[in-house]
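# Structural description and commentary
Here are the chains, one letter per residue:
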Amino acid sequence: MKKRREGRIAQAIPDAQLESVVHTAARRIGWLLGWCVIVASPLAVVVGLVVLRPNAPSDVPSSERLLEASEPQGWAEMYVRSWLSANRDDSAGLEAFYPVGMKSTRAVGTQIPVDTSTLSVVSQRPGAWSVMVAANILVQQPDGRHRARLLCAEVSLVGGTGGYVAASLPAPVACPRTLDAVELGYPEIAELTGPIGQSVHGFLAAYLVGRGELNRYIAPGTNIGAIAPPLYAEVQLLELRTHESFEPGQAARPLDGTEVHATVRAWGYDALGQVTTIDYAITLAARAGRWEVNRIDPAPLLAGTSATSSKLPGE
């Protein structure tokens, strides 16, 4: 038995060595051939790489093209924040954007930028941009309190893929004006305790508060998930209006597939009892004699526009 085992081992050793020799020889031959090709014809290597590389979709820009096409709105927003944050004790890193610098005389905390957003980007010539930035700021009042206000500033930047530099300090400009209030397309008042109101309240309680099973209030196949963790401790309906009109009692016995477009205003109570007023535009659909939320609409209907009817998911 021992001799047979030793014989098997003796037979296996030459095979393993032979396999190792073959692999080593193959690697060396491949290495030599590669160097011969490189020494003999560098151009052939380059051409081969170009020809053999996978074809990338023509509509996908390269990283270099993305850099060249990029616009410096993010840099402009950071510049405006530094400009607004600068005070007599801290330049807020303004030199990183505007090397000429600026010595602010503002006291610390008298002007605090909260948020910024780009409104427009215009390129007067290659490598030069004019960016309009809107900023929400808190400005200290004579009584020591801070009041929120909106400030818009024009920023002039020069540069490209290697970086940017501001040509001057931001220039305050007039912000876009607020237009007149729009009229929504929900002329009908719905009862808060009616069948539609009960479905809407149950949906918001499950969606915002986490109370109750959300699937009970949404149509099958609807891609709506409860907000986690819940935003509020309680929700209360204030007003409910619909685009469609119903005969008395008709909303309580709707035909399957009937849709109603509604807008709701509600109060959300947080854990401290503080109230936030919220609006939702939603579409409900009737199924099995009850109303279910079919979707949260991205925007409310405007007066004079018709609601686009749609089928229930899965129909």
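Below is a short write-up of the structure. (Residues numbered from 1 in each chain as written. Predicted model: local features only at pLDDT ≥ 70, side-chain atom pairs only at ≥ 80, totals over all residues. Heavy atoms only, no water.)

### Some thoughts on the pattern of salt bridges
Rules: We define a salt bridge as a contact between a side-chain nitrogen of Lys or Arg and a carboxyl oxygen of Asp or Glu at a distance within 4 Å. Numbering of helices and strands starts at the N terminus; helices are DSSP runs of H or I of at least 4 residues and strands are runs of E of at least 2. Burial classes follow relative accessibility: with a 1.4 Å probe on protein chains only, a residue under 20% of its type's maximum area counts as buried, one over 50% as exposed, and anything between as partly exposed.
Under the counting rule described, the total for this entry stands at seven salt bridges. Among the salt bridges present, the one from R265 reaches D279, with a minimum N-O distance of 2.7 Å. One end of the pair, R265, is in strand β8 (residues 259-269); the other, D279, is in strand β9 (residues 275-287), with 14 residues separating them in the sequence. A relative accessible area of 39% means that R265 is categorised as partly exposed. Among the residues examined, D279 registers a relative accessible area of 44% and is labelled partly exposed. With its nearest N and O atoms 3.1 Å apart, the salt bridge here joins R290 to E292. On the basis of relative accessibility, which here comes to 36%, the residue R290 falls in the partly exposed class.

### Some details on unusual backbone geometry
Residues A228 and P229 are joined by a peptide bond in cis, for which omega reads -10°. The residue P229 is located in the loop between α5 (195-209) and β7 (234-242) in this model. Residues other than glycine seldom take positive phi values, yet A92 does so here, at roughly 60°. For A288, which is not glycine, the phi dihedral falls at a positive 55°. Its location among the elements puts A288 in the loop between β9 and β10 (290-296).

### Concerning the pairing of β7
As a reminder, the rule being used: The criterion for strand pairing is that DSSP finds at least two bridges linking the strands in question.
Direction of pairing for strand β6 (residues 188-189) relative to β7: antiparallel, over a ladder of two bridges. Note that in β7 the partner of I189 across the bridge is R241.

### Side note on the packing of aromatic side chains
Applied cut-off: Planes of paired rings set the category: under 30 degrees apart is stacked, over 60 is edge-to-face and the rest tilted, where pairs are Phe, Tyr or Trp rings (Trp by its six-membered ring) whose centres lie within 6.5 Å.
The full count for this structure, using the stated rule, is seven aromatic pairs. Arranged with centres 5.7 Å apart and planes meeting at 25°, the rings of Y79 and F97 form a pair that is stacked. Taken as a pair, Y79 in helix α4 (residues 73-85) and F97 in the loop between α4 and β1 (111-125) lie far apart in primary sequence, 18 residues in all. Residue classification places Y79 among the buried residues on the basis of a relative accessible area of 0%. Judged by centre distance (5.7 Å) and plane angle (80°), the ring pair of W129 and Y164 falls under edge-to-face. On the criterion of sequence distance, the pair formed by W129 in strand β2 (residues 128-140) and Y164 in strand β4 (residues 163-166) is long-range, its members being 35 residues apart. Three or more aromatic residues joined by ring pairs make a cluster, and in this case those are W75, Y79 and F97.

### Brief notes about α4
For clarity, the threshold we go by: Under the convention used throughout, the expected extent of a helix is 1.5 Å for every residue step, that is, one less than its residue count. In this description, contact between two residues means that some pair of their heavy atoms is separated by no more than 4.5 Å.
Taking 1.5 Å per residue, 13 residues should reach 18 Å; α4 reaches 18 Å between its end C-alpha atoms and fits that length. Within the span of α4, buried status applies to A76, E77, Y79, V80, S82, W83 and L84. The inward-facing, buried residues of α4 abut β1, β2, β3 (146-160), β4 and β5 (171-173).

In short, shape yes, function no, at least from these values alone.
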